[in-house]
Amino acid sequence: MHTKELYDLLSLYLRTTEFLAGLCWEEGIKCFKMRPKHHCIWHVARDVKMNRLNPRVFHCFGDEAFLGKIKYVARQCHGKSMERRILQRYALGLATFFHKAKM
């Protein structure tokens, strides 16, 4: 598969998921939610287009672990304030980590 074809397919997937999420949201159905993983897929598609490299060359599986941590925090937040609360809790977690490491 060529890089342009991969970029086109990933873009199509993301646009389709976004479209379906919008339709379901209008009907009050909670399907096809946009997740942080979709943002990572967008970055992979963009990197494929810009660098013309196989994603395996630059993919870091640490991203998956980070997304798992963010998902854990996000699930504890209310939907209306989720974005702000995720960043606040993540910053608090980093501050706690560095404070403990300093001692």
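Glancing now at the pattern of salt bridges. As enumerated under the stated definition, the model contains 2 salt bridges in all. For the salt bridge of Asp8 with Lys4, the shortest nitrogen-to-oxygen distance reads 3.1 Å. You can see Asp8 and its partner Lys4 sitting in helix H1 (residues 3–27), 4 residues apart, about one turn around the helix. Looking at Lys4, the relative accessible area reads 57%, which means it is exposed. Linking Asp47 and Arg46 is a salt bridge whose minimum nitrogen-to-oxygen distance equals 3.4 Å. Residue Arg46 is classed as partly exposed on the basis of its relative accessible area of 30%.

Scoring rules and cut-offs
Once a new chain begins, its residue numbering starts again from 1 and follows that chain's sequence as written. Side-chain atom pairs in this predicted model are given and counted only at pLDDT of 80 or more, local residue features only at pLDDT of at least 70, and totals for whole chains, interfaces and linings cover all residues. Based on all heavy atoms of the structure, the side-chain values leave hydrogens and waters out of the count. Note on definitions: salt bridges are taken to be side-chain nitrogens of Lys or Arg within 4 Å of carboxyl oxygens of Asp or Glu. Each helix corresponds to a stretch of at least 4 residues labelled H or I by DSSP, and each strand to a stretch of at least 2 residues labelled E; elements are numbered beginning at the N terminus. Relative accessibility thresholds used throughout: buried, under 20% of the residue-type maximum; exposed, over 50%; partly exposed, between the two (1.4 Å probe, protein chains only).

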